[in-house]
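Spelled out from the first residue to the last, the chains are:
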Amino acid sequence: MKLEQDGILVGTLPGGVSVRRTEGPGPQPWITEYELVGNRVSGRVQIVPYYDEPVVERNWSPNGAPTERAWEFLPSAFSITYGGKPAWHGDGRGTLVVNGVVLDGGLIWRTLTSSDESFRVCRPNQYGGTEEAPVGARDKTRALVRDLVELHRQDSLLVREKAVEYAKFRRSRRLVDLDKEHRAVSALLRELMGRNAELVMRHALMSDDARFAAALLGVRSR
């Protein structure tokens, strides 16, 4: 690695786009910020650890059960912001300009489930929202992001360091979520245990000859 005034040169992407890792936002040590400079490419992209916790598909699930998700102790996926600060995107910001198009958007790059490499690429529109970027800028951005993620993941020590920082940052919020889910599952379990006890009693009545006969006598004597 070569130290530069504006960051650490970490590599060059296909097409001659140089990539430097910059200081990034100080109060948020879990964020990795890269500056990209090349032919009709300039700006910064931020990568934030992300918990890849898809919904667990079950053949059967009791009514009222909270949605079950896979669980990660350390995040394995990445939230990538290439432009603006999308409202749904958490901490990330970006300033990438590709083919003269100022971009505004981001994506989740997953690890446990497949990532969609044909993700939507947006730019700001005149109404304060976003719209699809032109095809040329879209395709070039997709390639840049794909290559940048690959470059980022090559530094496994950095990836783990950022994941650890993010896990510490998210610990309190995740504990609140776990407590909430645990209360819901515990309530459901109590309900199921009561139902189970009732079914055990009914099964004993129907399967035991003596009990069945006694129950019939009790019914007749009413």
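A brief structural summary. Going along each chain's sequence as written, the residues are numbered from 1 onward. A pLDDT threshold of at least 70 governs which residues receive local features in this predicted model, and a stricter bar of 80 or more applies before side-chain atom pairs are shown or counted, although totals over entire chains, interfaces and linings include all residues. Note that water and hydrogens are dropped before the side-chain values are worked out from all heavy atoms of the structure.

Once that is clear, we can look at the overall build of the protein chain. A count of helices and strands for the protein chain gives 3 helices and 12 strands. Expressed as a percentage of the 222 residues in the protein chain, the buried residues total 34%. Pairs at least 24 residues apart make up 50% of the contacts formed inside the protein chain by residues separated by at least 6 positions. Using a 1.4 Å probe, the Shrake-Rupley method yields the accessible areas, and only the shown protein chains count as cover for residues. With the model as given, the accessible surface of the protein chain reaches about 14,200 Å², and the carbon-plus-sulfur share is 53%. Helix and strand definitions follow DSSP, with helices as H or I runs of at least four residues and strands as E runs of at least two, each counted in order from the N terminus. Throughout, exposure labels follow a simple rule: accessible area from a 1.4 Å probe, protein chains only, divided by the maximum for the residue type, with under 20% read as buried, over 50% as exposed, and the rest as partly exposed. Contacts are assigned to residue pairs that have any heavy atoms within 4.5 Å of one another.

Moving on to the side chain of Glu72. The topology assignment puts Glu72 in the loop between strand 5 (41–50) and strand 6 (77–84). Within this scheme the basic residues Lys and Arg register as positive and the acidic residues Asp and Glu register as negative, but His and the chain ends are omitted. For this document, the term salt bridge refers to a Lys or Arg side-chain nitrogen within 4 Å of an Asp or Glu carboxyl oxygen. Nearest to the buried, unbridged Glu72 among oppositely charged side chains is Arg174, at 6.6 Å. Side chain to side chain, Glu72 and Ser76 meet in a polar contact 2.4 Å long. Once you skip the residues sitting within four places of it in the chain, Glu72 turns out to touch Tyr50, Tyr51, Asp52, Glu53, Leu112 and Arg174. Side-chain atoms alone can form a polar contact between residues adjacent in sequence; in general such a contact is a pair of N or O atoms within 3.5 Å, and within protein one must be able to donate a hydrogen while the other accepts it.

Stacked, tilted and edge-to-face are the three classes assigned to paired rings of Phe, Tyr and Trp, where Trp is represented by its six-membered ring and a pair needs centres within 6.5 Å; plane angles under 30 degrees give stacked, over 60 edge-to-face, the rest tilted. In total, this model carries 5 aromatic pairs according to the counting rule given. Summarising the aromatic geometry, the rings of Tyr51 and Tyr166 are spaced 5.9 Å apart at their centres and angled 35° between planes, so their arrangement reads as tilted. Here Tyr166 lies in helix 2 (residues 156–207) and Tyr51 lies in the loop between strand 5 and strand 6, a separation of 115 residues in the sequence. Each member of the pair, Tyr51 as well as Tyr166, carries the same accessibility label: buried. One aromatic cluster in this structure is built from Trp30, Tyr51, Tyr166 and Phe169. Our definition puts a charge over a ring when NZ of Lys or CZ of Arg is within 6 Å of the ring centre and also within 35 degrees of the ring normal. One cation-aromatic arrangement involves Arg174 over Tyr51; the distance from NZ or CZ to the ring centre is 3.6 Å.

Under the counting rule described, the total for this entry stands at 13 salt bridges. Across the salt bridge formed by Arg120 and Glu132, the nearest N and O atoms sit 2.9 Å from each other. A residue pair is termed long-range when its members are at least 10 positions apart, and Arg120 in the loop between strand 10 (105–109) and strand 11 (122–124) and Glu132 in strand 12 (residues 130–132) qualify at 12 residues. One salt bridge in this structure joins Asp177 and Arg173, with 2.9 Å as the shortest N-O distance. Of the two residues, Asp177 and Arg173 are both situated in helix 2; the distance of 4 residues between them amounts to about one turn of the helix. By relative accessible area, Asp177 is classed as partly exposed at 37%.

Okay, the pairing of strand 10 next. Most of strand 10 sits out of view: 5 of its 5 residues are buried. The alternating pattern of strand 10 places Gly105, Leu107 and Trp109 on one face and Gly106 and Ile108 on the opposite face, and all of these are buried. Strand pairing is assigned whenever DSSP detects at least two bridges linking the two strands. Pairing between strand 6 and strand 10: 5 bridges, direction antiparallel. Bridging from a neighbouring strand, Gly83 pairs with Gly105 of strand 10.

Okay, the nonpolar core next. As used here, the term nonpolar core means buried Ala, Val, Leu, Ile, Met, Phe, Trp, Tyr and Cys residues forming a set that is joined through side-chain atoms within 4.5 Å. By size, the foremost hydrophobic cluster in this structure holds 29 residues, and its most contacted members are Leu36, Ile80, Tyr82, Leu96, Leu103 and Trp109. When contributions to this core are tallied by element, the ones reaching two or more residues are strand 3 (17–22), strand 4 (32–38), strand 5, strand 6, strand 10, helix 1 (135–154) and helix 2. Apart from residues lying up to four places away in sequence, Leu103 is in contact with Tyr82, Gly83, Gly84, Leu96, Val98, Val121, Cys122, Arg123, Pro124, Ala133 and Thr141. In this structure, Trp30, Ile31, Tyr51 and Tyr166 belong to the second largest nonpolar core, which totals 6 residues.

Before going further, it helps to spend a moment on the pairing of strand 4. Across the 7 residues of strand 4, 5 count as buried, placing the element largely inside the fold. Sheet analysis places strand 3 next to strand 4, joined by 5 bridges and oriented antiparallel. Across the sheet, residue Ser18 finds its bridge partner in strand 4, namely Val37. Bridge count for strand 4 against strand 5 is 7 bridges, and the pairing is antiparallel. Across the sheet, the residue bridging to Gly38 is Val41, located in strand 5. The turn joining strand 4 and strand 5, which pair antiparallel and follow one another in sequence, is formed by 2 residues; a positive phi near 60° is taken by Arg40.

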